[in-house]
Amino acid sequence: MIQHIRHELSEAGFRVIAIRPGRIMLQQTGPLLNLEPLLGVWGVSLLNEREQQVFEHAKNGLANHLSQRSLSLRNLLKHLSEHTHCPYDQLNDLFLATEGITFGRYVVLQRLDKAIERLTYTRATVAEIARQTGYQDEDHLIRHLEAERGLPPAHFLALRDTRMSRGMHRLVTAPVGMN
């Protein structure tokens, strides 16, 4: 299917830079009006400038909230919808079109990635990380890790311990008297 789309776009005079689920990147060589009929056949539409801005605003807002505070998933989705001045249903459609997954699923995966990052690179406990990333409790985070990544927190904690022990080992073997 991707090769077919690439071929059709090339035939229409567009240079395809990349194709991935939910997104086609083109070097604009002609008017986008020529693109509309092709996209309609595939059931795809162009994002307008406002939709692109809302999409980027939602992603940036999510990144800020994941690093600053924890909210339940429902409250986080509600807050981001208010933050972008875009109803949840429209945000959901926008993420489905651009990322190939729903907005809620995108948020869940981002929260999980943030938890994994903290498990791997901080000394925080699993319970602290669960609270920091908006999970109900430690068990909730553990269930998500195992369901989504197939790995328990112990795997990421072992990575952290290995990384930190290597760092400490380097400090111990550093030349003495270097001021």
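Residues numbered from 1 in each chain as written. Predicted model: local features only at pLDDT ≥ 70, side-chain atom pairs only at ≥ 80, totals over all residues. Heavy atoms only, no water.

Digging into the overall build of the protein chain
When its secondary structure is counted, the protein chain shows 9 helices and 2 strands. Listed by position from the N terminus, the elements making up the protein chain come as α-β-β-α-α-α-α-α-α-α-α. When burial is assessed residue by residue, the protein chain has 31% of its 179 residues classed as buried. The long-range fraction of contacts in the protein chain, counting pairs at least 24 apart against all pairs at least 6 apart in sequence, stands at 52%. When the accessible surface of the protein chain is totalled, it reaches about 11,400 Å², and 53% of it is carbon and sulfur. (Helix = DSSP H or I, 4+ residues; strand = E, 2+ residues; numbered from the N terminus. Buried < 20%, exposed > 50% of the residue type's maximum accessible area, 1.4 Å probe, protein only. Contact = heavy atoms within 4.5 Å. Areas by Shrake-Rupley, 256 points an atom, 1.4 Å probe, with all protein chains shown as cover.)

Side note on helix α6 (residues 103-121)
Spanning 19 residues, α6 covers 27 Å between terminal C-alpha atoms, matching the ideal 27 Å at 1.5 Å per step. Counted residue by residue, α6 has 14 buried out of 19 residues, so it is predominantly covered. (Expected span 1.5 Å × (residues − 1).)

Quick notes on unusual backbone geometry
Residue H85 is not a glycine yet carries a positive backbone phi of 55°. Its location among the elements puts H85 in the loop between α4 (73-84) and α5 (88-99). Looking at H85, the relative accessible area reads 66%, which means it is exposed.

Some words on the pattern of salt bridges
Going through the model one piece at a time under the given rule, you end up with 6 salt bridges. Measuring nitrogen to oxygen at the nearest pair gives 3.9 Å for the salt bridge that ties E99 to K59. Here K59 lies in helix α3 (residues 49-68) and E99 lies in helix α5, a separation of 40 residues in the sequence. Residue E99 is classed as partly exposed on the basis of its relative accessible area of 21%. (Salt bridge = Lys/Arg side-chain N within 4 Å of Asp/Glu carboxyl O.)

A look at the nonpolar core
L62, L76, L80, L91, F95, F103 and V107 are the most contacted members of the largest nonpolar core, which has 15 residues in total. For this core, the secondary structure elements donating two or more residues are α3, α4, α5 and α6. Ranked by residues supplied to this core, first place goes to α3 with 5 residues. L119, A130, Y135 and L145 belong to the second-largest nonpolar core, a separate cluster that totals 12 residues. (Core = buried A, V, L, I, M, F, W, Y, C linked by side-chain atoms within 4.5 Å.)

Points about the packing of α4 against α6
To characterise two packed helices, one gives the angle between the axes of the helices and the distance between these axes. It is the contact of α4 with α6, at a shortest axis distance of 11 Å, that shows an interaxial angle of 115°. In the crossing of α4 with α6, the sense of the turn from one axis to the other is right-handed. Seen from α4, the contacting residues are L73, L76, L77 and L80; seen from α6, they are F103, G104, V107, V108 and R111. Taken together, the residues of the contact of α4 with α6 break down into 7 nonpolar, 1 polar and 1 charged. (Axes fitted to C-alpha atoms, helices over the stretch in contact; angles between N-to-C directions. Left-handed = near helix turned anticlockwise from the far one by under 90°. Nonpolar A, V, L, I, M, F, W, Y, C, P; charged D, E, K, R; others polar.)

What to know about the packing of aromatic side chains
Each pair of aromatic rings is reported with the distance of its centres and the angle of its planes. Tallied over the full model, the rule gives 4 aromatic pairs. Each ring, one from F55 and one from F95, has its centre 4.8 Å from the other, and the planes form 50°; the classification is tilted. Of this pair, F55 sits in helix α3 while F95 sits in helix α5, and the two are 40 residues apart along the sequence. Taking 4.9 Å as the distance between ring centres and 50° as the angle between the ring planes, the aromatic pair formed by F95 and Y106 counts as tilted. In this pair, F95 is assigned in helix α5 and Y106 in helix α6, connecting sequence segments 11 residues apart. Each member of the pair, F95 as well as Y106, carries the same accessibility label: buried. Here the aromatic cluster, defined as three or more aromatic residues joined through ring pairs, consists of F55, Y88, F95, F103 and Y106. Positioned above the aromatic ring of Y135 is the side chain of R111, whose terminal nitrogen or guanidinium carbon lies 4.7 Å from the ring centre. (Phe/Tyr/Trp six-rings, centres within 6.5 Å; stacked < 30°, edge-to-face > 60°. Lys NZ or Arg CZ within 6 Å of the ring centre and 35° of its normal.)

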